[in-house]
Amino acid sequence: MNSIEINNLSLNFGDVKVLKDLNLSVNKGEFLVLLGASGCGKSTLLNCIAGLLEINDGQIYINNQNVTWFEPSERGIGMVFQSYALYPQMSVKGNLSFSLKNAKLSKDEIEKRVKHASEILQIESLLDRKPAALSGGQRQRVAIGRALVRDVEVFLFDEPLSNLDAKLRTELRVEIKRLHQKLDNTMIYVTHDQIEAMTLADRIAIMRDGLIQQLDTPKIIYSNPVNKYVAGFIGSPGMNFLKGKILQDGKPIFKLEGGWCESPDLSNYKFQETIKVEKEVWLGIRPESVVVGGEAENMPVNFNLEIEVFEPMGADTLVWSQIGGQEFRFMVDVNTSINVGGTLTVGFDPAHASIFDLESEERL
Amino acid sequence: MTNSQNNSSVVDPRGPKPRKIMSRRNIILYGTLLVVAIYYLIPLYVMIVTSLKGMPEIRLGNIFSPPVEVTFEPWIKAWAQACTGLNCDGLSRGFWNSVKITIPSVFVSIAIASINGYALANWRFKGANLFFTILIFGAFIPYQIMIYPLVILLRDLGIYTKLPGLILIHSIFGMPILTLLFRNYFTTIPEELFKAARVDGAKFWGIYFRVMMPMSLPIFVVAIIMQVTGIWNDFLFGVIYTKPDTYPMTVQLNNIVNSVQGVKEYNVNMAATLLTGLVPLTVYFVSGKLFVKGITAGAVKG
Ligand SMILES: Nc1ncnc2c1ncn2[C@@H]1O[C@H](COP(=O)(O)OP(=O)(O)OP(=O)(O)O)[C@@H](O)[C@H]1O
Ligand SMILES: [Mg+2]
């Protein structure tokens, strides 16, 4: 059963088409993350679902009910904003009960729900304070509580953690995950932090210029990105892209533009279509899937590289190098001895690489 | 080594930097401020001392000298006995007229303008931009153009020369600038707050009264001060749209001060003027702090 179903949604701001014929369905109880660069229309989509923006075309169903023309409060959604958006002149309790008073619930029921929500979020001791007297993390908790008391089917989060410092962000991230496991609501969560996306999501929707590029589990998006944009967007440090051609030599091989002694054998790679000879492509290799030293010898492809720059990042070190004039980055263990100008033996398995059309940038 | 010797002969700088109190900058700064303050305070001083003197003392001509014999007679006369035309009940009638004009006008104009501003800032209804343009345009039309048409309008409504007529006039003329003021203030309130209230099920009025208004106290204070002083001090509309019975205080003051019959009673005139100015003055004193706060509120976030 679908909790949310969006059909052919379009939204323009004046002449600017922000969302173009967008389709999306979210399962009941699913945690869906909308991920994308700034300005790609994530917040706009969320606001459309919430009913805070008038759409130009399309339909929105929540719980199998067509809510396209419904007021935000009638849609059965709760929303948490980036700026917390707490009512500054009301106490925490006032903030939590505002929606319930608007819905004309009985005093006892309001009391009960506020108590329940504040217990879950551990803000019972803060109920009489004003938002100004709360820390950032506490404020965001109250903001979540405001959605929680309404007892709704769908939670919408618009970058709820991006105003918090790094440590608090990880803490609250886990809390949100716990909350989801406990409540089993459908959640749509906007972020441009890919770690948040990977850790929280059942499925991720990668958005670009108002279109959903790929909608899948974090694992598949990471290992089988549908195009070069998605491949480059997910993963940190970003994927290496080597430009070259596919040649046929009994088996498909990759020939790097600019020349390289290696010509990796691609017969293990699962092509989605038959490739015509001399097709120009990008060969994408994740820095994490490159191995060095003795392990590299066991890889189908291995070769020596000169180290140009290296960046220690704690457990790993990111090494910058070049293959035939094209940039190539990979990770080594922090204990590997490396020095600028030295060489390392590195290797990878083409079966775990991604190959994209040079022109269309679609996965091959 | 010479360096360290040099250092030891001078005091090693530490802590707050010493300041010269009588520096040239300070003398010029405080000197100018003093002159300006005196410039503004002297007329007030003259008015107060004159209003406390009897006529014989005033005829001596020393306007700066303090009263030898303090008398409140001129104040009482100005309030309760001074004559304007046929009426001889002093300024008190004008005072109460002004109160009856100011309170409803301030209330009506602020209530309507704040709701207008809120609707313009938050509910982007169809034609909002056109409405806003017309409003801005309205703020710049010279009053003089509208005086006569409004006389006709009020006459047709049957409230020309009556208090409700003047109240209506003040409410209308306050509208453009007040709406602008409120709209600009409401646009500085984060939009997400408004969205949150909508998700929470508050409607047009609920959001206005429960979310927007409590956050906008400073701007309401600014608007109240602007309107109270503006309407209280108004002379032009008072003269045109009322008659002697309904004259506001300013018009009555003018008639007392400019009356051509009898001797000029300077002490009574001064007392009358001070009485008239007392209301705006009190408003400023009471709300001075809030006023400054309100003007800058919203300039910076947080
Ligand atoms: N009120 C508006 N009027 C005109 N254009 C707008 C308006 N709001 C947003 N846009 C445009 O719509 C596009 C999408 O905006 P949106 O806020 O959805 O981006 P986003 O994906 O949430 O970005 P971010 O990660 O920075 O929050 C942007 O290009 C933005 O400039
Ligand atoms: Mg956004």
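Reading guide: rules and limits
- Residues numbered from 1 in each chain as written.
- Chains lettered and ligands numbered in written order.
- Predicted model: local features only at pLDDT ≥ 70, side-chain atom pairs only at ≥ 80, totals over all residues.
- Heavy atoms only, no water.
- Pairing = 2+ DSSP bridges.
- Helix = DSSP H or I, 4+ residues; strand = E, 2+ residues; numbered from the N terminus.
- Contact = heavy atoms within 4.5 Å.
- Buried area = accessible area lost by both parts, 1.4 Å probe.
- Salt bridge = Lys/Arg side-chain N within 4 Å of Asp/Glu carboxyl O.
- Polar contact = N/O pair within 3.5 Å; in protein donor to acceptor, adjacent residues only side chain to side chain.
- Nonpolar A, V, L, I, M, F, W, Y, C, P; charged D, E, K, R; others polar.
- Expected span 1.5 Å × (residues − 1).
- Bend = angle between axes of the 7 residues up to and from the residue.
- Axes fitted to C-alpha atoms, helices over the stretch in contact; angles between N-to-C directions.
- Patch = residues over 30% accessible without salt bridge, like charges linked within 9 Å, V, L, I, M, F, W, Y side chains within 5 Å.
- Areas by Shrake-Rupley, 256 points an atom, 1.4 Å probe, with all protein chains shown as cover.
- Buried < 20%, exposed > 50% of the residue type's maximum accessible area, 1.4 Å probe, protein only.
- Core = buried A, V, L, I, M, F, W, Y, C linked by side-chain atoms within 4.5 Å.

It is worth spelling out the pairing of strand 1 (residues 2–13) of chain A at this point. Residue and element names in this part refer to chain A. Both strand 1 and strand 2 (residues 16–27) contribute to a ladder of eight bridges, which runs antiparallel. Looking at the pairing, Leu 9 lines up with Leu 22 of strand 2. Between strand 1 and strand 2, which pair antiparallel and follow one another directly, the connecting turn spans two residues, one of which, Gly 14, has a positive phi of 65 degrees. As judged from the five bridges shared by strand 1 and strand 4 (residues 57–62), these two strands associate in the antiparallel manner. Bridging across to strand 4, Glu 5 finds its partner in Tyr 61.

Time to look at the interface of chain B and chain A. The interface is formed by 14 residues belonging to chain B together with 24 residues belonging to chain A. With both chains or domains summed, chain B and chain A bury close to 1800 Å², and 58% of this area falls on carbon and sulfur atoms. Summed over the shared surface of chain B and chain A, the number is two salt bridges. Notably, a salt bridge pairs Asp200(B) with Arg146(A), separated by 4.0 Å at the nearest N-O pair. Inspection of the region where chain B meets chain A yields seven residue pairs in polar contact (both at pLDDT 80 or more). Every element with two or more residues in the side of chain B that touches chain A is listed here: helix 9 (191–199) and helix 10 (204–215) of chain B. In terms of residue count, the dominant contributor to the side of chain B that touches chain A is helix 9 of chain B (seven residues). Taken together, the residues of the side of chain B that touches chain A break down into eight nonpolar, one polar and five charged.

Between its first and last C-alpha atoms helix 8 (residues 163–188) of chain B spans 37 Å; for 26 residues at 1.5 Å apiece the expected length is 38 Å, and the two agree. The largest bend in helix 8 of chain B is about 45 degrees, located at Met175(B), with the proline Pro176(B) one to four residues further on.

All right, on to the sheet that holds strand 6 (residues 77–80) of chain A then. All names here are of chain A. Strand order in the open sheet made by the six strands is 6-7-8-3-9-10, with mixed pairing throughout. Each end of this open sheet is capped by a strand with a single partner; those strands are strand 6 and strand 10 (211–216). Going across the sheet, the axis of each strand differs from the next one's by a mean of 20 degrees, ignoring polarity. Relative to strand 9 (residues 203–208), strand 3 (residues 31–36) runs parallel, the two sharing five bridges.

Residues and elements named next belong to chain B. Together, Leu 34, Ile 38, Ile 42, Tyr 45, Ile 63 and Phe 64 line one region of the surface with nonpolar side chains, adding up to about 560 Å² of accessible area. You can see Ile 42 is positioned in helix 2 (residues 24–51). The exposure class assigned to Ile 42 is partly exposed, which follows from its relative accessible area of 36%.

Another aspect to go through is the environment of Ala201(A). Residue and element names in this part refer to chain A. The residue Ala 201 is located in the loop between helix 6 (194–200) and strand 9 in this model. Note on Ala 201: relative accessible area 11%, which makes it buried. Ala 201 has contacts with Phe 31, Val 33, Glu 196 and Pro 218, leaving out every residue within four places of it along the chain.

Our focus in this paragraph is the nonpolar core. With 74 residues, the main nonpolar core has Ile6(A), Leu19(A), Leu45(A), Leu156(A), Ile188(A) and Tyr241(B) as its most contacted residues. Top contributing element to this core by residue count: helix 8 of chain B, with 10 residues. Counting residues in hydrophobic clusters, the runner-up holds 44 residues, among them Tyr84(A), Ile123(A), Phe157(A) and Tyr229(A).

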